[in-house]
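Residue-level structure breakdown
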Amino acid sequence: MSSPSTSIPPTQPIRAHVHTSNPYESLYGYARATRRGPFIFVSGTTAIDPTTGTIPPSILSSAYLQAKAAFGEIVRAVEELGGKREDVCRVRMYVTDGEDFEDVARAMRECFGADEEGEGEGKGAVWPAATGIVGVRFVSPDMKVEIEADAVVLDW
(Lines give C-alpha, C1' and ligand atoms only; values in the text may rest on other atoms or scores of the structure.)
Protein backbone atom coordinates (compact mmCIF):
# COMPACT_ATOMS: atom_id res chain seq x y z
CA MET A 1 0.00 0.00 0.00
CA SER A 2 1.39 3.41 -0.92
CA SER A 3 1.80 6.10 1.67
CA PRO A 4 -0.30 9.29 1.62
CA SER A 5 0.79 12.26 -0.48
CA THR A 6 1.79 14.11 2.69
CA SER A 7 4.83 11.87 3.18
CA ILE A 8 8.23 13.43 2.75
CA PRO A 9 9.56 12.97 -0.80
CA PRO A 10 12.78 10.90 -0.83
CA THR A 11 14.73 13.80 -2.37
CA GLN A 12 13.93 16.10 0.58
CA PRO A 13 15.81 15.88 3.89
CA ILE A 14 13.67 14.80 6.82
CA ARG A 15 15.29 17.49 8.94
CA ALA A 16 17.65 20.35 8.08
CA HIS A 17 19.14 23.13 10.19
CA VAL A 18 20.71 26.58 9.77
CA HIS A 19 23.46 27.64 12.17
CA THR A 20 25.19 31.02 12.49
CA SER A 21 28.05 32.29 14.65
CA ASN A 22 25.56 33.70 17.16
CA PRO A 23 27.28 32.69 20.41
CA TYR A 24 24.01 31.66 22.08
CA GLU A 25 23.36 28.90 19.51
CA SER A 26 26.41 26.88 20.53
CA LEU A 27 26.22 27.89 24.19
CA TYR A 28 22.62 26.68 24.58
CA GLY A 29 22.60 24.02 21.85
CA TYR A 30 20.00 25.18 19.31
CA ALA A 31 19.81 26.02 15.61
CA ARG A 32 18.91 29.40 14.12
CA ALA A 33 16.24 27.57 12.13
CA THR A 34 15.04 24.03 11.64
CA ARG A 35 13.10 22.59 8.73
CA ARG A 36 10.96 19.49 9.09
CA GLY A 37 9.16 18.62 5.86
CA PRO A 38 7.34 21.75 4.64
CA PHE A 39 7.64 23.48 8.05
CA ILE A 40 10.39 25.94 8.97
CA PHE A 41 10.77 27.16 12.56
CA VAL A 42 13.07 30.13 13.16
CA SER A 43 14.38 30.52 16.71
CA GLY A 44 14.18 33.78 18.59
CA THR A 45 16.31 36.10 16.48
CA THR A 46 17.92 39.31 17.67
CA ALA A 47 20.16 41.87 16.00
CA ILE A 48 23.30 39.85 16.69
CA ASP A 49 25.31 39.90 13.49
CA PRO A 50 25.53 36.24 12.45
CA THR A 51 29.09 36.69 11.20
CA THR A 52 30.56 38.54 14.21
CA GLY A 53 28.38 37.26 17.05
CA THR A 54 27.76 40.78 18.41
CA ILE A 55 25.15 43.51 18.01
CA PRO A 56 26.66 46.24 15.82
CA PRO A 57 27.28 49.40 17.89
CA SER A 58 25.47 51.50 15.26
CA ILE A 59 22.10 49.89 16.11
CA LEU A 60 22.40 49.41 19.90
CA SER A 61 20.03 52.27 20.71
CA SER A 62 17.40 51.60 18.02
CA ALA A 63 14.63 48.99 18.41
CA TYR A 64 13.64 49.71 14.80
CA LEU A 65 17.12 48.93 13.41
CA GLN A 66 17.46 45.90 15.66
CA ALA A 67 14.08 44.60 14.41
CA LYS A 68 15.09 45.21 10.77
CA ALA A 69 18.27 43.22 11.34
CA ALA A 70 16.33 40.40 13.02
CA PHE A 71 13.72 40.23 10.24
CA GLY A 72 16.52 40.19 7.66
CA GLU A 73 18.20 37.27 9.43
CA ILE A 74 14.84 35.44 9.68
CA VAL A 75 14.21 35.77 5.93
CA ARG A 76 17.80 34.67 5.20
CA ALA A 77 17.36 31.54 7.37
CA VAL A 78 14.03 30.68 5.72
CA GLU A 79 15.61 31.08 2.27
CA GLU A 80 18.62 28.96 3.24
CA LEU A 81 16.19 26.16 4.11
CA GLY A 82 14.44 26.41 0.73
CA GLY A 83 11.61 28.77 1.65
CA LYS A 84 10.75 32.34 0.67
CA ARG A 85 9.73 35.47 2.53
CA GLU A 86 6.20 34.78 1.30
CA ASP A 87 6.19 31.41 3.13
CA VAL A 88 6.37 33.09 6.56
CA CYS A 89 2.98 32.61 8.18
CA ARG A 90 3.51 33.45 11.86
CA VAL A 91 5.69 35.98 13.72
CA ARG A 92 6.16 36.49 17.46
CA MET A 93 7.82 39.74 18.55
CA TYR A 94 9.19 40.21 22.06
CA VAL A 95 10.08 43.80 23.01
CA THR A 96 11.67 45.09 26.21
CA ASP A 97 10.01 48.52 26.21
CA GLY A 98 6.44 49.24 25.11
CA GLU A 99 7.57 52.61 23.78
CA ASP A 100 9.52 50.72 21.10
CA PHE A 101 6.71 48.49 19.86
CA GLU A 102 5.55 50.82 17.06
CA ASP A 103 9.10 50.87 15.68
CA VAL A 104 9.23 47.07 15.73
CA ALA A 105 5.82 46.89 14.02
CA ARG A 106 7.07 49.32 11.34
CA ALA A 107 10.04 47.04 10.65
CA MET A 108 7.64 44.10 10.30
CA ARG A 109 5.43 46.03 7.86
CA GLU A 110 8.47 46.92 5.77
CA CYS A 111 9.72 43.33 5.74
CA PHE A 112 6.40 41.73 4.86
CA GLY A 113 5.01 44.35 2.51
CA ALA A 114 2.13 46.15 4.24
CA ASP A 115 2.18 49.95 4.19
CA GLU A 116 1.39 52.36 7.06
CA GLU A 117 -2.38 51.91 6.64
CA GLY A 118 -2.11 48.13 6.60
CA GLU A 119 -2.66 48.04 2.85
CA GLY A 120 -0.56 46.06 0.46
CA GLU A 121 -2.55 43.20 -1.06
CA GLY A 122 -1.29 42.60 -4.58
CA LYS A 123 2.02 44.32 -3.79
CA GLY A 124 3.70 41.22 -2.40
CA ALA A 125 2.28 41.64 1.10
CA VAL A 126 2.64 38.48 3.16
CA TRP A 127 0.30 39.23 6.08
CA PRO A 128 1.66 36.71 8.61
CA ALA A 129 -0.22 36.09 11.84
CA ALA A 130 1.58 38.03 14.57
CA THR A 131 1.85 38.36 18.32
CA GLY A 132 3.56 41.19 20.19
CA ILE A 133 4.73 40.75 23.77
CA VAL A 134 6.07 43.73 25.70
CA GLY A 135 8.07 43.99 28.92
CA VAL A 136 10.49 41.09 28.62
CA ARG A 137 14.16 40.76 29.59
CA PHE A 138 16.71 39.12 27.33
CA VAL A 139 20.03 37.38 28.00
CA SER A 140 21.85 40.59 27.03
CA PRO A 141 20.78 44.09 28.11
CA ASP A 142 21.78 45.33 24.63
CA MET A 143 18.89 43.43 23.04
CA LYS A 144 15.72 45.47 22.55
CA VAL A 145 13.76 42.97 20.48
CA GLU A 146 13.70 39.24 19.73
CA ILE A 147 11.57 37.74 16.96
CA GLU A 148 10.50 34.17 16.18
CA ALA A 149 8.92 33.06 12.92
CA ASP A 150 7.33 30.02 11.35
CA ALA A 151 7.02 29.31 7.64
CA VAL A 152 5.27 26.67 5.56
CA VAL A 153 6.76 25.83 2.17
CA LEU A 154 3.85 24.62 0.08
CA ASP A 155 5.76 23.98 -3.13
CA TRP A 156 8.40 21.66 -1.70
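1. Observations concerning the overall build of the protein
Scanning the protein for helices and strands turns up 3 helices and 6 strands. Listed N to C, the secondary structure of the protein is β-α-β-β-α-β-α-β-β in terms of helices and strands. Taking contacts inside the protein between residues at least 6 apart in sequence as the whole, the part at least 24 apart equals 67%. Counting every atom, the protein has about 8600 Å² of accessible surface; 54% of that belongs to carbon and sulfur.

2. What about the environment of aspartate 103?
Note that aspartate 103 resides in helix H3 (residues 101–112). In sequence terms aspartate 103 and tyrosine 64 are 39 residues apart; their C-alpha atoms lie 4.8 Å from each other.

3. Observations regarding H3
Helix length check: H3 (12 residues) gives 16 Å between terminal C-alpha atoms against 16 Å at 1.5 Å per residue, within 8%. For H3, the set of buried residues is Val104, Ala105, Ala107, Met108, Cys111 and Phe112. An end-on view of H3 places all buried positions within 155 degrees of arc, on one side of the element. In the core, the buried residues of H3 are packed alongside helix H2 (63–80), strand E4 (88–95), strand E5 (129–134) and strand E6 (145–152). Directly beyond the C-terminal end of H3, a positive phi value near 95 degrees is found at glycine 113.

4. Some thoughts on H2
Relative to the 26 Å expected for 18 residues at 1.5 Å per residue, H2 spans 25 Å between its end C-alpha atoms, a close match to the ideal helical length. Residues of H2 that are buried: Ala63, Tyr64, Gln66, Ala67, Ala70, Phe71, Glu73, Ile74, Val75, Ala77 and Val78. Where H2 is buried, its residues contact strand E1 (15–18), strand E2 (33–36), strand E3 (39–45), E4, H3 and E6. Remark: glycine 82 follows H2 within two positions and exhibits a positive phi of approximately 90 degrees.

The rules we used
Residues numbered from 1 in each chain as written. Predicted model: local features only at pLDDT ≥ 70, side-chain atom pairs only at ≥ 80, totals over all residues. Heavy atoms only, no water. Helix = DSSP H or I, 4+ residues; strand = E, 2+ residues; numbered from the N terminus. Contact = heavy atoms within 4.5 Å. Areas by Shrake-Rupley, 256 points an atom, 1.4 Å probe, with all protein chains shown as cover. Expected span 1.5 Å × (residues − 1). Buried < 20%, exposed > 50% of the residue type's maximum accessible area, 1.4 Å probe, protein only. Arc of directions from axis to C-beta.

Keep in mind these numbers describe shape, not what the thing actually does.
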